[in-house]
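For reference, the chains in residue letters:
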Amino acid sequence: DTGVSQDPRHKITKRGQNVTFRCDPISEHNRLYWYRQTLGQGPEFLTYFQNEAQLEKSRLLSDRFSAERPKGSFSTLEIQRTEQGDSAMYLCASSGRGLGSYNEQFFGPGTRLTVL
Amino acid sequence: DAKTTQPTSMDCAEGRAANLPCNHSTISGNEYVYWYRQIHSQGPQYIIHGLKNNETNEMASLIITEDRKSSTLILPHATLRDTAVYYCIVRVSGSSNTGKLIFGQGTTLQVKP
């Protein structure tokens, strides 16, 4: 399968716990994006990587959120001290050379986070 | 990036053409119109994009008005599997910018048998 994959697909946690999500982009894509989507709303941009460099972060990304892409391949998004307001679908997308070029972002299936 | 305005919801009969409008009156000369859709419980999926000429691919057609202030996405023969939220997004294209997508509320298209 050459698509974007995300793990886990679902995560239930208690308020105050830390969680980490993983995204594996399409292999030749150098651009990677994280978005967050709450019920009934469109996805909201969180952060953008070009290779291993994090080049843009949204104001939505509070200091409890951190994202990495250590070798320019997979990426992780960590949320520390989760709050109920963090409950959402977290989507990863990639684009770049090859499939779709820079005009088309390929999205993963998302990780649904529920904070109790 | 310019803002877009779309109707909240639309219905379409199966087998008929679905025409989804989008207003983007503040679009700049170097901004493209992109369409994505999101089927329930899945990530968004790219459909088509264009600058000023009409575009067609295997999924849809994109008609952009001459003044570029509005556009219409056309699904020529809608099927039940086309039921989804359709997002119209305006942004600069290519590799010289971040490429982040700013999603609005989109149009919920319900295709009915």
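Presented here is an overview of the structure given in this document. Here the structure is a predicted model, which is why all the values come from computation and not from measurement.

**Some points on the overall build of chain A**
Now for step 1: In terms of helices and strands, chain A carries zero helices and eleven strands.
Now for step 2: Along its sequence from the N terminus, chain A presents helices and strands in the succession β-β-β-β-β-β-β-β-β-β-β.
Now for step 3: A compact globule built from 116 residues would reach a C-alpha radius of gyration of about 13 Å, and chain A, at 13 Å, matches this within 12%.
Now for step 4: In terms of overall dimensions, chain A has a C-alpha envelope of 40 × 25 × 20 Å along the principal axes.
Now for step 5: Looking at chain A as a whole, 48% of its 116 residues qualify as buried.
Now for step 6: Averaged over its 15 positive side-chain charges, chain A has a centre that lies 4 Å from the centre of its 13 negative ones.

**Concerning the sheet that holds strand β1 (residues 9-13) of chain B**
Residue and element names in this part refer to chain B.
Now for step 1: Taken together, the five strands give an open sheet; going across it, the order is β1-β9-β8-β3-β4, and neighbouring strands pair in mixed fashion. A single partner strand is all that each edge strand has here, and the edge strands are β1 and β4 (45-50). Looking at each pair of strands side by side, their axes are set apart by 25° on average, direction ignored.
Now for step 2: Relative to strand β9 (residues 107-112), strand β8 (residues 84-92) runs antiparallel, the two sharing three bridges.

**Here's the deal with the pattern of salt bridges**
Residue and element names in this part refer to chain A.
Now for step 1: On inspection of all chains with the given rule, the structure shows six salt bridges over all chains.
Now for step 2: R64 is paired through a salt bridge with E83; the nearest N and O atoms lie 3.4 Å apart. One end of the pair, R64, is in the loop between β6 (53-57) and β7 (65-68); the other, E83, is in the loop between β8 (75-79) and β9 (88-95), and 19 residues separate them in sequence.
Now for step 3: The salt bridge involving R64 is made with D86; its shortest N-O contact spans 2.8 Å. Linking R64 in the loop between β6 and β7 with D86 in the loop between β8 and β9, this pair joins segments that are 22 residues apart in sequence.
Now for step 4: Residues joined in a network through salt bridges with shared partners are R64, E83 and D86.

**Comments concerning the interface of chain A and chain B**
Now for step 1: Of the residues lining the interface, 19 residues belong to chain A; the matching set on chain B comes to 22 residues.
Now for step 2: Approximately 1700 Å² of surface area, both sides summed, lies buried where chain A meets chain B, with 47% of it carried by carbon and sulfur atoms.
Now for step 3: Across the chain A-chain B interface, the total number found is one salt bridge.
Now for step 4: Of the charged contacts, one joins K100 of chain B and E56 of chain A as a salt bridge, the two residues approaching to 2.4 Å between their closest N and O atoms.
Now for step 5: One can count seven residue pairs in polar contact (both at pLDDT 80 or more) joining chain A with chain B.

**Considering the nonpolar core**
As a rule of thumb, soluble globular proteins bury nonpolar side chains together.
Now for step 1: Of all hydrophobic cores here, the largest spans 21 residues; its most connected members are W35, L73, Y86 and L109 of chain B.
Now for step 2: Residue assignment for this core shows that the elements contributing at least two residues are β2 (18-23), β3 (31-38), β4, β6 (61-64), β7 (70-75), β8 and β9 of chain B.
Now for step 3: For Y86 of chain B, the residues in contact, after removing those within four places along its chain, are Q6, L20, W35, Y36, R37, I47, L73, L75, G106, T107 and L109 of chain B.
Now for step 4: L46, A67, I79 and A88 of chain A belong to the second largest nonpolar core, which has 20 residues in total.

**Brief notes about the packing of aromatic side chains**
Now for step 1: Evaluated as defined, the whole model comprises eleven aromatic pairs over all chains.
Now for step 2: Arranged with centres 5.9 Å apart and planes meeting at 85°, the rings of Y35 of chain A and F103 of chain B form a pair that is edge-to-face. Highlighted residues: Y35 of chain A in strand β4 (residues 31-37) and F103 of chain B in the loop between β8 and β9, drawn from two different chains. Taken as a pair, Y35 of chain A and F103 of chain B share a single burial class, namely buried.
Now for step 3: Their ring planes at 75° and their centres at 5.7 Å tell us that Y36 of chain B and Y46 of chain B sit as a pair that is edge-to-face. Of this pair, Y36 of chain B sits in strand β3 while Y46 of chain B is found in strand β4, placing the two residues ten residues apart along the sequence. This pair shows no difference in class: Y36 of chain B is buried, exactly as Y46 of chain B is.
Now for step 4: Among the aromatic residues, those joined into a ring-pair cluster are Y33, Y35, F45, Y48 and F107 of chain A together with Y36, Y46, Y87 and F103 of chain B.
Now for step 5: In this structure, R22 of chain A packs its charged tip against the face of F74 of chain A, placed 4.0 Å from the ring centre.
Now for step 6: A cation over a ring is seen here: R91 of chain B above Y34 of chain B, with NZ or CZ 4.4 Å from the ring centre.

What counts and how
Residues numbered from 1 in each chain as written. Chains lettered and ligands numbered in written order. Predicted model: local features only at pLDDT ≥ 70, side-chain atom pairs only at ≥ 80, totals over all residues. Heavy atoms only, no water. Helix = DSSP H or I, 4+ residues; strand = E, 2+ residues; numbered from the N terminus. Rg over C-alpha atoms; globule rule 2.2 N^0.38 Å. Buried < 20%, exposed > 50% of the residue type's maximum accessible area, 1.4 Å probe, protein only. Lys, Arg positive; Asp, Glu negative; His and termini not counted. Charge placed at Lys NZ, Arg CZ, Asp CG, Glu CD. Pairing = 2+ DSSP bridges. Axes fitted to C-alpha atoms, helices over the stretch in contact; angles between N-to-C directions. Salt bridge = Lys/Arg side-chain N within 4 Å of Asp/Glu carboxyl O. Contact = heavy atoms within 4.5 Å. Buried area = accessible area lost by both parts, 1.4 Å probe. Polar contact = N/O pair within 3.5 Å; in protein donor to acceptor, adjacent residues only side chain to side chain. Core = buried A, V, L, I, M, F, W, Y, C linked by side-chain atoms within 4.5 Å. Phe/Tyr/Trp six-rings, centres within 6.5 Å; stacked < 30°, edge-to-face > 60°. Lys NZ or Arg CZ within 6 Å of the ring centre and 35° of its normal.

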